[in-house]
Amino acid sequence: MLCCALLYYSILYDAALNCSNFISAECNSVPFKSDDPFKWTVPRCLSRAVEDVNVTFEDQQKINKFARNNNRLIELKEEIELKKKQLQNLEDACDDIMMLDDDTMLVPYQIGEVFISHSQDETQEMLEAAKQSFQDEIQALQTRVETIQQVLSDLKVQLYAKFGNNINLEAEDN
């Protein structure tokens, strides 16, 4: 505990020394001057830079809700990308079946872990149904993404209004 307090005051003291060019006339007290070394005072000009904002239970609930929704949003976007790749594979399979010359040839179609041979027309119909299913799933996922983005936007407004620059809700670019 003592080590953390000393580190905190050391950081504040370094900040006071490093930003002496920015100290205004209102900052007329000497930083951290006190008889008791553990009861230092912070000049008013520095205390504005190091704001202490109380986090209420409701604020913590909003932060947690933001984090949960943000993780859900990332998962949904990954799922949409996977579904789009699968849809593209189905479209490529449809194109390949259309290019077949022999109409009497049976085409294997995978159902679960088993391949079942069907005529080209039946396989084409099954692929079209699967494509439609994937398109519907992608549309539903995109609707969920839009809903979550709206919730995140509302939470950002509320949290930034309370905490200002003391909270970072922006996604990291890795």
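Residues numbered from 1 in each chain as written. Predicted model: local features only at pLDDT ≥ 70, side-chain atom pairs only at ≥ 80, totals over all residues. Heavy atoms only, no water.

## Quick look at the nonpolar core
Turning to step 1, where the next piece is worked out: Ranked by size, the top nonpolar core spans 23 residues in total, and within it F66, L127 and L159 carry the most contacts.
Turning to step 2, where the next piece is worked out: Mapped by element, the contributors of at least two residues to this core are α3 (57–98), β1 (107–111) and α4 (120–163).
Turning to step 3, where the next piece is worked out: Per-element accounting of this core gives the leading share, eleven residues, to α4.
Turning to step 4, where the next piece is worked out: Contact partners of L159, with chain neighbours within four places excluded, come to D59, K62, I63, F66, G164, I167 and L169. (Core = buried A, V, L, I, M, F, W, Y, C linked by side-chain atoms within 4.5 Å. Buried < 20%, exposed > 50% of the residue type's maximum accessible area, 1.4 Å probe, protein only. Helix = DSSP H or I, 4+ residues; strand = E, 2+ residues; numbered from the N terminus. Contact = heavy atoms within 4.5 Å.)

## What about a positive patch on the surface?
Turning to step 1, where the next piece is worked out: Taken together, K65, R68, R72 and R144 make up a surface patch of like positive charges.
Turning to step 2, where the next piece is worked out: A per-element tally of the positive patch places α3 first, with three residues.
Turning to step 3, where the next piece is worked out: Within the element layout of this structure, R72 appears in helix α3.
Turning to step 4, where the next piece is worked out: Using a relative accessible area of 36% as the deciding quantity, one classes R72 as partly exposed. (Patch = residues over 30% accessible without salt bridge, like charges linked within 9 Å, V, L, I, M, F, W, Y side chains within 5 Å. Areas by Shrake-Rupley, 256 points an atom, 1.4 Å probe, with all protein chains shown as cover. Salt bridge = Lys/Arg side-chain N within 4 Å of Asp/Glu carboxyl O. Lys, Arg positive; Asp, Glu negative; His and termini not counted. Charge placed at Lys NZ, Arg CZ, Asp CG, Glu CD.)

## Let's talk about the side chain of Q120
Turning to step 1, where the next piece is worked out: Looking at the secondary structure, you find Q120 in helix α4.
Turning to step 2, where the next piece is worked out: Judged by relative accessible area, which is 7%, Q120 ranks as buried.
Turning to step 3, where the next piece is worked out: Not counting chain neighbours up to four residues away, the residues in contact with Q120 comprise I97, L100, D102, D103, M105 and V107.

## Focus on α3
Turning to step 1, where the next piece is worked out: Here α3 is 42 residues long and its end C-alpha atoms lie 61 Å apart, about the 62 Å a rise of 1.5 Å per residue gives.
Turning to step 2, where the next piece is worked out: Among all positions in α3, only D59, F66, N69, L73, L76, I80, K83, L87, L90, C94 and I97 are buried.
Turning to step 3, where the next piece is worked out: In this fold, the buried residues of α3 make contact with β1 and α4. (Expected span 1.5 Å × (residues − 1).)

## A few points about the confidence of the model for the protein
Turning to step 1, where the next piece is worked out: Per-chain confidence: the protein averages 78 in pLDDT, with 70% of residues scoring 70 or above.
Turning to step 2, where the next piece is worked out: Overall, residues 1–34 carries pLDDT values under 50, and its contacts beyond four positions in sequence, including any with other chains, amount to 31 contacts.
Turning to step 3, where the next piece is worked out: In the model, residues 36–50 has pLDDT below 50 throughout and makes 26 contacts with residues more than four positions away in sequence or in other chains. (pLDDT = per-residue confidence, 0-100.)

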